[in-house]
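# Fold and geometry: a report
These are the residues of each chain, in order.
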Amino acid sequence: MFVRLKVLTFSLTLCCHCTFGGDSSKFDVGRGHMKPFGFQSDPTETTEELDYVPHPTEFYEKYVKLRKPVMFRGAATKSQAYHLWTEEYIRKEYGNLTARIEGRHENATRVPLGEGGILGRDTFDHFIRNYQTMDAYMISQVPKPMEKDVAIPPCLLCGTFAKSIQEVHLFMSAGGGKTLIHKDLYDNVHCLFNGTKEWLMIDPSQSNLVYLSRDSKREFGGHAMIDVDAVDLRKFPKIKDVKYSHVTMNKGDCMYIPSGHLHQVRSNGYMNTGVAIWFSVLTKTHNFDSSDCAEIENTKHSGSLDFKPMNEVDVIWTSDGYGEMHQGHLDIYYLKTILLTSADEEGKIWLESFTNHFLQRGDKDEDHEDEDDDEDDDDDADLVQSIREQFKHLLDPEGRGYVTKEEVSSLTVDQLKELLLTFDHNDVSNSLEYEYGYISAEEITNLISGLFAFDGRFLGEDFVQSYIKNVGGTAPKAEEILTALGADRDKYVTIDMVDRNLEQALAKYREGIPHDSTVEHLMFEHLVKHDEL
């Protein structure tokens, strides 16, 4: 069988199909100043293209092992979603399911509201009826009832890959969405069912040219600080030296994007819909094992390899489409690798020193110290100690003080998930109570302080409107606060009412565990030190 192999050598005119214009010489900073990313230079790199999906061993040896992106033309046509997912079909079949929504642009400052005024969550029915005018797009785990429509490509269906699919993300938006320059936490195969996407691909070796945020240099994912719509070359002069490829993904295509490979994406088309299949990054300790691929070892290319619906494949984190989700967790196999590479010469991992080193919370910002810091420090210390004890007990219920490499190697997926969740708590954005974590008690306290008039009171309605406008909250939650204060929209709130009831009114806003990147930073540094990334 003749196999076609090509590389993509597109010339970038502009993601929005415009041409370069204007006299950049007057800025004396070079071409493309204050223009979208990509105007600063022409693409000089290439991204490989295949008209088949490779066998898992070929996929590993030629692409995953080498951290090399590749396009699989036509691979997404194997999914029922490619053929069935119209607005009418999704509303009829899945309209009552819920999914996460975010601002259409990654640098959006407000989380959008879905049906019923719920922050960051919407039903498919409401979203599809409104997404053309909403400043929102859907980025969420594929709900279980929809899994049968999404096909997993054969390159992921045996060996270590088949055990390492972490989660599958659904993307849906009106045309015009865009991302920052960023890198993903996981390797992924991105498949497009409707619309087109323009990808600007940047090799990780050029990370020093794209101005990554400070934390992004110490984390598995991350993003650059530049405005992709208007690159300021006075502030970010090295951007003009970035070498990149420009790839157009059409409806029906899939592409492999390695973890850490920088990219910027612009989505086009009336109903842009696709999925990203996130799978574990293979390391020296968690390497590719093809022992169960023997039954297809003699087959060649995708003509004789079958795709499988997602509901017939093991996926580590899934969603039922109604309640809490588990989206964006750290890789359970990173945790396993870190444990294994922490063993002493006798093959023992000593849990006291392990947890003392890795399970920490970061220092407080010295610029924001106040009289409550000592109490907060005590609370943090209690939380950290509780996490450490739970982690140790799960690995060492007999209290020996250590766990062996053999015991870690035999841990099941469910055991690894339970261990991970002791410290990588489910993000509040995955819950239906996102608002309590998105808006801080301090923001509400400051809002209330600014509302008091000269007579020491303010109208409840003024609080509701200010809560919505100034902190991005919803009317139901604002009314909930007023009720706890002893008022409603038509009544006045007094200083005395606030003094007596504010702490109770804000209790739920103080309950969440704030996100802390310390553990991720320590794990990232450990894996780099041990040459596992």
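Rules used in this analysis
- Residues numbered from 1 in each chain as written.
- Predicted model: local features only at pLDDT ≥ 70, side-chain atom pairs only at ≥ 80, totals over all residues.
- Heavy atoms only, no water.
- Helix = DSSP H or I, 4+ residues; strand = E, 2+ residues; numbered from the N terminus.
- Buried < 20%, exposed > 50% of the residue type's maximum accessible area, 1.4 Å probe, protein only.
- Contact = heavy atoms within 4.5 Å.
- Areas by Shrake-Rupley, 256 points an atom, 1.4 Å probe, with all protein chains shown as cover.
- Arc of directions from axis to C-beta.
- Core = buried A, V, L, I, M, F, W, Y, C linked by side-chain atoms within 4.5 Å.
- Phe/Tyr/Trp six-rings, centres within 6.5 Å; stacked < 30°, edge-to-face > 60°.
- Lys NZ or Arg CZ within 6 Å of the ring centre and 35° of its normal.
- pLDDT = per-residue confidence, 0-100.
- Axes fitted to C-alpha atoms, helices over the stretch in contact; angles between N-to-C directions.
- Parallel < 35°, antiparallel > 145°, perpendicular 65-115°, else oblique.
- Left-handed = near helix turned anticlockwise from the far one by under 90°.
- Nonpolar A, V, L, I, M, F, W, Y, C, P; charged D, E, K, R; others polar.
- Salt bridge = Lys/Arg side-chain N within 4 Å of Asp/Glu carboxyl O.
- Disulfide = S-S within 2.5 Å.
- Pairing = 2+ DSSP bridges.
- Polar contact = N/O pair within 3.5 Å; in protein donor to acceptor, adjacent residues only side chain to side chain.

The subject of this paragraph is the overall build of the chain. Looking only at helices and strands, the chain features 17 helices and 19 strands. Within the chain, the fraction of its 533 residues that count as buried is 53%. Sequence-distant contacts in the chain: of pairs separated by 6 or more residues, those separated by 24 or more amount to 81%. Of the accessible surface of the chain, which amounts to about 24,600 Å², a share of 48% is contributed by carbon and sulfur atoms.

Let's shift gears to helix H14 (residues 475–485). Along H14, the residues classified as buried are Lys 477, Ala 478, Ile 481, Leu 482 and Leu 485. For H14, the angular spread of buried residues about the axis comes to 145 degrees, placing them on one side. On its buried face, H14 is in contact with helix H11 (434–438), helix H12 (441–451), helix H13 (460–471), strand S19 (492–494), helix H15 (495–505) and helix H16 (507–511).

For soluble globular proteins, the rule of thumb is that nonpolar side chains tend to be buried together. Within the largest apolar cluster, 54 residues are counted, with the highest numbers of intra-cluster contacts made by Phe 59, Phe 72, Trp 85 and Leu 156. Sequence-distant contacts of Phe 72, defined by excluding residues within four places in its chain, comprise Leu 50, Tyr 52, Val 53, Pro 54, Phe 59, Cys 155, Asp 253, Cys 254, Met 255 and Tyr 256. Counting residues in hydrophobic clusters, the runner-up holds 39 residues, among them Tyr 186, Leu 335, Leu 416 and Val 519.

Our focus in this paragraph is the packing of aromatic side chains. Per the counting criterion, the structure on display carries 26 aromatic pairs. Aromatic side chains Phe 463 and Tyr 467 sit 5.7 Å apart centroid to centroid with 35 degrees between the ring planes, which places their arrangement in the tilted category. Taken together, the residues span about one helical turn, with Phe 463 and Tyr 467 both in helix H13 at a distance of 4 residues. Grouping residues by exposure puts Phe 463 and Tyr 467 together as buried. Across from the ring centre of Tyr 211, 5.3 Å away, lies the NZ or CZ of Lys 238, which sits over that ring. Across from the ring centre of Tyr 402, 4.5 Å away, lies the NZ or CZ of Lys 348, which sits over that ring.

Its identity is not glycine, yet Tyr 211 carries a phi of approximately 60 degrees, on the positive side. When you line up the elements, Tyr 211 lands in the loop between strand S10 (187–202) and strand S11 (222–223).

The next thing to look at is the confidence of the model for the chain. Chain-level pLDDT for the chain is 89 on average; 89% of the residues reach the 70-or-more range. Predicted confidence for residues 1–25 stays below pLDDT 50, and this span has 56 contacts to residues more than four positions away or in other chains.

Next up on the list: the environment of Met 71. Relative to the elements of secondary structure, Met 71 occurs in strand S3 (residues 70–72). Taking the C-alpha atoms as reference, Met 71 lies 4.2 Å from Met 255; in sequence the two are 184 residues apart. Setting aside chain neighbours within four positions, we find Met 71 in contact with Glu 48, Glu 49, Leu 50, Val 247, Thr 248, Met 249, Asp 253, Cys 254 and Met 255.

The geometry of H14 relative to H15 is characterised by a closest axis approach of 8 Å and an angle of 130 degrees between their N-to-C directions. It follows from the interaxial angle that H14 and H15 lie oblique. At the point where H14 passes H15, the crossing takes the right-handed sense. Counting all contacts with H14, which are made through Ile 481, Ala 484 and Leu 485, the residues of H15 involved are Met 497, Val 498, Asn 501, Leu 502 and Ala 505. Within the contact of H14 with H15, the residues separate by chemical class into 7 nonpolar, 1 polar and no charged.

The next subject is helix H1 (residues 56–64). Side chains of residues three or four places apart in an α-helix project in the same direction, reflecting 3.6 residues per turn. For H1, the tally of buried residues reaches 7 of 9 residues, placing the bulk of the element in the interior. For H1, the set of buried residues is Pro 56, Thr 57, Glu 58, Phe 59, Tyr 60, Tyr 63 and Val 64. Buried-residue contacts for H1 involve strand S2 (47–50), S3, helix H5 (159–162), S10, strand S13 (254–257) and strand S14 (262–279).

The subject of this paragraph is the pattern of salt bridges. Going through the model one piece at a time under the given rule, you end up with 30 salt bridges. We note a salt bridge from Glu 352 to Lys 392, for which the minimum N-O separation is 2.6 Å. Here Glu 352 is found in helix H7 (residues 351–358), whereas its partner Lys 392 is found in helix H8 (residues 373–395), with 40 residues between them in sequence. Each of Glu 49, Arg 73 and Asp 253 takes part in a single network of salt bridges with overlapping partners.

Moving on: the state of the cysteines. In this structure the tally under the stated criterion is 2 disulfides. Through a disulfide, Cys 158 is tied to Cys 293; the S-S separation comes to 2.0 Å. Its torsion about the S-S bond being 100 degrees, the disulfide of Cys 158 and Cys 293 is classed as right-handed. Of the two residues, Cys 158 sits in the loop between strand S7 (151–152) and H5 while Cys 293 sits in the loop between S14 and strand S15 (308–309), which places them 135 residues apart along the sequence. For the residue pair Cys 158 and Cys 293, the accessibility class agrees, reading buried in each case.

Okay, the pairing of S14 next. Extensive coverage of S14 is indicated by the burial of 15 of its 18 residues. As paired elements, strand S8 (residues 165–173) and S14 share 8 bridges and run antiparallel to each other. Note that in S14 the partner of Met 172 across the bridge is Thr 273.

With that settled, consider the side chain of Thr 160. Within the fold, Thr 160 resides in helix H5. Note on Thr 160: relative accessible area 7%, which makes it buried. Among the polar contacts made by the side chain of Thr 160, one reaches the main-chain carbonyl oxygen of Asn 287 at a distance of 3.1 Å. Beyond its immediate chain neighbours, meaning those up to four positions away, Thr 160 contacts Leu 282, His 286, Asn 287, Phe 288 and Asp 289.

Buried residues dominate strand S4 (residues 98–102), accounting for 4 of its 5 residues. Two elements, S4 and strand S5 (residues 121–123), share 3 bridges in a ladder whose sense is antiparallel. Residue pairing in the sheet places Ala 99 in a bridge with Asp 122 of S5.

Let us look at the side chain of Lys 477. Its location among the elements puts Lys 477 in helix H14. The exposure class assigned to Lys 477 is buried, which follows from its relative accessible area of 16%. Sequence-distant contacts of Lys 477, defined by excluding residues within four places in its chain, comprise Glu 433, Glu 435, Tyr 436, Tyr 467 and Tyr 509.

Tracing the sequence through the fold places Tyr 60 in helix H1. C-alpha separation for the pair Tyr 60 and Leu 282, spaced 222 residues apart in sequence, amounts to 9.6 Å. Non-local contacts of Tyr 60, meaning those with residues more than four positions away in its chain, are made with Lys 65, Phe 161, Leu 282, Asn 287 and Phe 288.

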